[in-house]
Amino acid sequence: MSRSTRTAVPASARFARLPSLTGMRFFAAFLVFSFHSTLPPYTPFSGGSAEAVTHAVSKAGWLGVGFFFVLSGFVLTWSARPGDRPRQFWRRRLVKIYPNHVVTFVAALVLFAWAKNTWKQELPNLFLLHTWIPDAKTFQSVNPPSWSLSVEIIFYLCFPWLHRMIQRIRPERLWLWVGILTAAVFAVPAIAYAVLPGSPTMPLGFKASVWQYWFVWQLPPFRMLEFAVGILMARIVMTGRWINFPVVPALLLVAVAYVVELRVPWLYGMSAVTLVPVALLIAAMATTDIAGRRSILRNRVCVWLGEVSFAFYLVHDITVHVFVDRFGLSPVHSAPAAAGLLAAEAAISVFFSWLLHIGVELPLMNRFGRTRPPLPRNTATGTGGTEPDNKPVEAARAH
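Quick summary incoming for the structure in this document.

**Structural notes on the packing of aromatic side chains**
So, point 1. Tallying each qualifying case throughout the model produces 32 aromatic pairs.
So, point 2. Their ring planes at 70 degrees and their centres at 4.7 Å tell us that tryptophan 62 and tryptophan 217 sit as a pair that is edge-to-face. Residue tryptophan 62 is found in helix H4 (residues 60-79), and its partner tryptophan 217 is found in helix H10 (residues 210-218); the two are separated by 155 residues along the sequence. Judged on exposure class, the residue tryptophan 62 and its partner tryptophan 217 are both buried.
So, point 3. The cationic tip of arginine 93 hangs over the ring face of tyrosine 156; the distance from NZ or CZ to the ring centre is 5.6 Å.
So, point 4. Its guanidinium or amino end placed over the ring of tryptophan 217, arginine 223 lies 4.0 Å from that ring's centre, counting from NZ or CZ.

Dropping the structure here:
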């Protein structure tokens, strides 16, 4: 292995933004949008087109969220600094995610969810406790994508301890631990199939019981395995153990893994199959920024979309519900018209995401989330020196 792969990343580079990762966030969030907007109750397509499109993107939401969880561990580790107190870290994270959650919670409740949910389902959602409850009407209540914030809150609470633990792993053993945690992720659906009941079944045609789905997809301790893989990948890059795997092969590997996900038993296709390809892609893209190599994701449009991606993640499903539940705009008979309707839903979601970003997210982060002065401009990445954001679907201006 080349000497360069054994060279640790300089400390000054570790705290710089990684704009290509910011650009990737919107595309990951768009995968989630494509999944939600083409589910049977909401797809604008009809007939054979509906079946084909729904099948093609039936794992896109799993891929997008899995990407977010791995990326969350990576960027939290990348931006962690000596002397940062847990209480300060937790405050920044809470200010980052909770106001957006409250605004979209209220919007969803007013626009459609009040007629579908009871207060017993709404209160756990409001306080981000709903992912712990093995009831589909609860963990999918009000604004369904918010379940992942319940998981992220646990990531944040555990990160100071988990980060210290992983820092103690010797660099030459980091890849071994990636393999161990990957095996553990594969073991989770195996346990679910072997132990948990096969009924009642999940709605929306999901091929799993509520218990199996909750155990594999919703339960924070098991999703933390992916988060920990992200921490390990950041440590691999920072300690010079990266294998110089290029971006394009990593992206192709993700595509191949996605095709495999469509064919393996359903629970294995939720996150296990794409975990390693996604982790390789994140590290490959990060090292592209570190080295200052050309990246199409560093352009202004991609970075801006990445900055509003956290808001987009929380807004898009509300838009989809309003289009269908309030306006009855789905389905349509023409495939081009259906694609145009999806494009309109996406564009409207981006617009309201921008409003949420500039009206709620940025002002509150500027007021309550900044505890450090900006860093000097980093010449390697060509970006400003504020700390990168620490959540996969959060905006790049997290601190």
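**Quick notes on the nonpolar core**
So, point 1. Counting 97 residues, the largest nonpolar core has Leu21, Phe74, Tyr213 and Met233 as the members making the most contacts within it.
So, point 2. For this core, the element with the highest residue contribution is H4, accounting for 13 residues.
So, point 3. Setting aside chain neighbours within four positions, we find leucine 21 in contact with Leu71, Phe74, Val75, Ile282, Met285, Ala286 and Asp289.
So, point 4. Ranked by size, the runner-up nonpolar core spans seven residues in total, among them Phe105, Phe112, Ala113 and Val322.

**Considerations on the pattern of salt bridges**
So, point 1. Under the criterion given, the structure shown has five salt bridges.
So, point 2. Its salt-bridge partner being aspartate 84, residue arginine 92 comes within 2.7 Å of it at the nearest N-O pair.
So, point 3. A relative accessible area of 1% means that arginine 92 is categorised as buried.
So, point 4. For the salt bridge of arginine 170 with glutamate 172, the shortest nitrogen-to-oxygen distance reads 2.6 Å.
So, point 5. On the accessibility criterion, glutamate 172 (40% relative accessible area) is partly exposed.

**Overview of helix H9 (residues 174-195)**
So, point 1. The first and last C-alpha atoms of H9 sit 31 Å apart over 22 residues, in line with the 32 Å expected at 1.5 Å per residue.
So, point 2. The inward-facing, buried residues of H9 contact H10, helix H11 (220-238) and helix H13 (275-291).

**Things to note about unusual backbone geometry**
So, point 1. Of note, the bond from serine 199 into proline 200 is cis; its omega dihedral lies within 30 degrees of zero at 0 degrees.
So, point 2. Of note, proline 200 is situated in the loop between H9 and H10.
So, point 3. For leucine 204, which is not a glycine, the phi torsion comes out positive at approximately 65 degrees.
So, point 4. Within the secondary structure layout, leucine 204 lies in the loop between H9 and H10.
So, point 5. Located in the positive-phi region is asparagine 244, a residue other than glycine, with phi close to 55 degrees.
So, point 6. Inspection of the secondary structure puts asparagine 244 in the loop between H11 and helix H12 (247-261).
So, point 7. Relative accessible area serves as the criterion here: at 45%, asparagine 244 is assigned to the partly exposed category.

How each quantity is defined
- Residues numbered from 1 in each chain as written.
- Predicted model: local features only at pLDDT ≥ 70, side-chain atom pairs only at ≥ 80, totals over all residues.
- Heavy atoms only, no water.
- Phe/Tyr/Trp six-rings, centres within 6.5 Å; stacked < 30°, edge-to-face > 60°.
- Helix = DSSP H or I, 4+ residues; strand = E, 2+ residues; numbered from the N terminus.
- Buried < 20%, exposed > 50% of the residue type's maximum accessible area, 1.4 Å probe, protein only.
- Lys NZ or Arg CZ within 6 Å of the ring centre and 35° of its normal.
- Core = buried A, V, L, I, M, F, W, Y, C linked by side-chain atoms within 4.5 Å.
- Contact = heavy atoms within 4.5 Å.
- Salt bridge = Lys/Arg side-chain N within 4 Å of Asp/Glu carboxyl O.
- Expected span 1.5 Å × (residues − 1).

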